[in-house]
Each structure stands twice: as C-alpha cells, then as structure tokens.
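# Descriptive structure summary
Residues per chain are reported as follows:
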Amino acid sequence: MAESNFIDYVKILCRSGKGGAGSRHFHRAKYIPKGGPDGGDGGRGGHIILKGNRHMWTLLPLRYRRHIYATDGQSGGENRSHGSDGQDQVIEVPIGTTVFDAESGEFLCEVTADGQEINLLRGGKGGLGNVHFATSTNRTPRYAQPGQPGIEKAVVLELKLLGDVGLVGFPNAGKSTLLSTLSSAKPKIADYPFTTMEPQLGIVPYRDSQSFVMADIPGIIEGAAEGRGLGLRFLRHIERNAVLLFLVPADADDIVKEYNILLKELREFNPDLDIKNRVLAISKSDLLDDELREEIAATLPGDVPTLFISSATGMGITELKDMLWREINSEDNPARFAAVHRPLDARHRVEAEDNFIFETEEIPDTDEELTDRDWEEEFWDEESSVNDQ
C-alpha cells in the first residue's frame, strides 16, 4: 500500500434530507362540487447511513467526499398522492471504523461487521396532508404539516481496527524488513531512522489458506507519549491492533531496557493497551551464536512469549507465524473481540481540525419519533403550508 494512500482519520460534514410538506389540496371535479380535502403526505428526507465493507482497508475514498448530503423528501400532492422519499446516502467504510461528534468528541457508533448498516443521521419526517385533519366539525381544514427538518452534523471517522498484528519498535528495528518477508508488501527499507512515515499493511499467508493482517507502524522513540518524534498520531495506530509484536534488534545495547521503554510509552499513552496480547521477537538474531542467544534468553521477561528471528535467513519465521496465530485467536485476548471507546481529547480534535475546516449552520437535532398529536401541535402552521391549490 502506497504511503500517500493511507487515510485512517477524516472529518466530514453530513446532512440528512428534510421531509416534504403535506398538501392542503381539495378535490375538485365537475360533478363533485364539494369533494373535500385530499392532500397527500410529504415524503421523508434521505438518511445518512454507514455501511461496513470488508474489502476496504482505509478511509481514502472519503478524502474526496468531505460534504455528504442526502436529498429532501418531495411534497405531497392531490388525490392523496404521497411525495417521494429523499434518496439515502450510504457511506461505505472499513470494518472497525468509529464515529465521533466533531464538536464534542462524543462517541457515536462503530461499524463492526461486513454489511452492517448504521443510520447515522435520520432524514426528516414528511408532513401530513390536510386529509388527516378533517373532522365532523372541521370538514375543510386549510392547513397541513410542513416537513421535519434534516440534521446537519460534522463527524470524525477514525479507523479503529488497523490490523490483526501491529509491529512495535524503535526506528531501524527491522519492522519493514519483517513485513516484506512475511507478506507481499513492499515497504520502504533503508539504513536510516523513520523510513516508514505511514503505516503499511501486509496480508500474511498462513496454513490451510488462512491469513492475517500485519501493520508496520512508524517507529516510536522515548517520550513519544508526550509528542516527541512522530508523536501521538502513530501511537493511535498501535492502539488499533489486536496483538502487538514488539521487535527489538539483537544488536541493541540492552534488549530488556528497550522493550520496557516501548511498553512504558504505550501505557502512558493509553493504559488500556495492557489488555492486548503481546509477543516479543528479537530480530537480527543471525548475528548471535547459540551461546549468546542462551544468555540473552535468560534475561528476557517471563510474562510475554519470546522468540529469536532473522528476516535475512528465515530463522524462526515459521515459528513466529504460529505464535502470532495463536495469540490472535486466543480466547483470553479481549482486544480481539472488544474495542475500548474513548472520547476524542483536545489533541485529537486539533488533528481533525487540521484535516478539514469548515463552518456549519446550527440545526436542532430533532431525531425523535413524534406522534401525530405532536406534529399537529408543533409543526403545522397555516402560514407556512405549501401546495395551496
């Protein structure tokens, strides 16, 4: 996946359609001088709907759809003709996309399955025609309901689930090399830090035609939780993986110290990362002889599965895939099945504002179902009725 094509965080303006107005028409025919009211109802406004698509991996298509508006419902007509409903706008997103209110940071919903549809903004209800208001004492009602207004809201879409396995390590730990070895991905590989500036995804083939997704996350440094290096944006990428694969090179000055620094940065950014299953792999292990590997193994932490690997020689690669597969499908890995929803804090909202800035007109959020009596009392207004024929 090309670096410039990775979009996992976007702000868009959505607006559902307003409902069509009811008609206050009276039936007229040559031999029916007093036909009575026959005004039809207005159509509902179009909804804004989110739909999960398992074939999508990023939010790239939404980069070019910053304003998404559903159409309005049509007004009712004579002879009790119902106005047509507004056209819904369906926004296809990757599975694992979460939606937040751009103004308050409030969590709104999450798309968790392929084909799942969530009605993000409901279209306005169509107004009732005057035929509904005829009574024995009021046989010629000259009023009808206007349509309910649509809802306008700025939302932030964030790709919550990035991959099954996320690579965590310092710059030049060998993450890109490992991803290119395990999958057909072609990340940039060089002998200088921060060669990976955007997450890279690779499909890792496994036994019996199975596979899992591995994400090469840009390298972090000590102090990343305070914004140093590539900062908070890339720590969020780590947050969205089911299993974390810590990669520490065998030529590091202190392997355990580097692992603890990485773990400390993740905990400071989000303590909930502790629920994720972890694997520690010592990369570039072809540089070590058997005796030195045994000495290092004796110092490694006992609360995490560890393995010596080498992308250059293929050492331990098959065993690593087996270990990762077990951790991904482990029943005691709550991160595999449950996501932790946290409201966007100020620093995340700033990133959203940088991504897209616009002004919106305040429209009341009238998303509740209203009874006919509510409509009579609140929405009909003789002066604002339409289709006076």
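To start, this report covers the structure provided alongside it. In every chain, residue numbers begin from 1 and rise along the written sequence. Reporting of local features is limited, given that this is a predicted model, to residues whose pLDDT is at least 70; pairs of side-chain atoms are given and counted only at 80 or more, and all residues count toward the totals for whole chains, interfaces and linings. Side-chain calculation: all heavy atoms of the structure are included, whereas hydrogens and water are not.

Note on pairing: DSSP must find at least two bridges between two strands before they are called paired. Numbering of helices and strands runs from the N terminus, with a helix taken as a DSSP run of H or I at least four residues long and a strand as a DSSP run of E at least two residues long. As summarised here, the arrangement of the three strands in space is E4-E2-E7, forming an open sheet in which the pairing is mixed. The open sheet has two edge strands, strand E4 (89–94) and strand E7 (117–121), and neither has a second partner. Each neighbouring strand pair of the sheet contributes to a mean axis angle of 30°, computed without reference to strand direction. Axis geometry follows a simple rule: fit a line to the C-alpha atoms, using only the stretch in contact for helices, then measure angles between N-to-C directions, giving values from 0 to 180 degrees.

Let us now look at the pattern of salt bridges. When a carboxyl oxygen of Asp or Glu is within 4 Å of a side-chain nitrogen of Lys or Arg, the pair counts as a salt bridge. Summed over all chains, the structure comprises six salt bridges. The residue arginine 44 makes a salt bridge to aspartate 88 at a minimum N-O spacing of 3.1 Å. Here the residue arginine 44 occupies a position in the loop between strand E1 (9–15) and strand E2 (48–53), and aspartate 88 occupies one in the loop between strand E3 (67–69) and E4, the gap between them amounting to 44 residues. Classification of residues uses two cut-offs on accessible area relative to the type maximum, computed with a 1.4 Å probe and protein chains only: under 20% is buried, over 50% is exposed, and between them is partly exposed. Taking the relative accessible area as the measure of exposure, arginine 44 reaches 26% and is therefore partly exposed. Here aspartate 88 falls in the partly exposed class, since its relative accessible area comes to 26%. Close ionic contact of lysine 153 with aspartate 101 constitutes a salt bridge, the shortest N to O distance being 3.4 Å. Within this pair, whereas lysine 153 is found in strand E8 (residues 152–159), its partner aspartate 101 is found in strand E5 (residues 97–101), the two being separated by 52 residues in sequence.

Moving on, we come to the pairing of strand E6 (residues 107–110). Strand direction decides the pairing type here: E5 and E6, joined by three bridges, are antiparallel. Looking at the pairing, threonine 98 lines up with glutamate 110 of E6. The hairpin turn running from E5 into E6, its antiparallel successor, is five residues long, and glycine 105 in that turn takes a positive phi close to 80°.

Further remarks concern the nonpolar core. Counting 27 residues, the largest nonpolar core has Phe246 and Leu280 as the members making the most contacts within it. Contributions of two or more residues to this core are made by strand E11 (211–216), strand E12 (241–249), helix H3 (255–269) and strand E13 (277–283). Top contributing element to this core by residue count: H3, with seven residues. Note on contacts: a residue pair qualifies if any of its non-hydrogen atoms lie within 4.5 Å across the two residues. Not counting chain neighbours up to four residues away, the residues in contact with phenylalanine 246 comprise Val168, Tyr259, Leu262, Leu263, Leu266, Arg278, Val279, Leu280 and Ala281. Within this scheme, the nonpolar core is defined by two criteria: the residues are buried Ala, Val, Leu, Ile, Met, Phe, Trp, Tyr or Cys, and they are joined through side-chain atoms within 4.5 Å. Leu167, Val204, Leu245 and Trp325 belong to the second-largest nonpolar core, a separate cluster that totals 23 residues.

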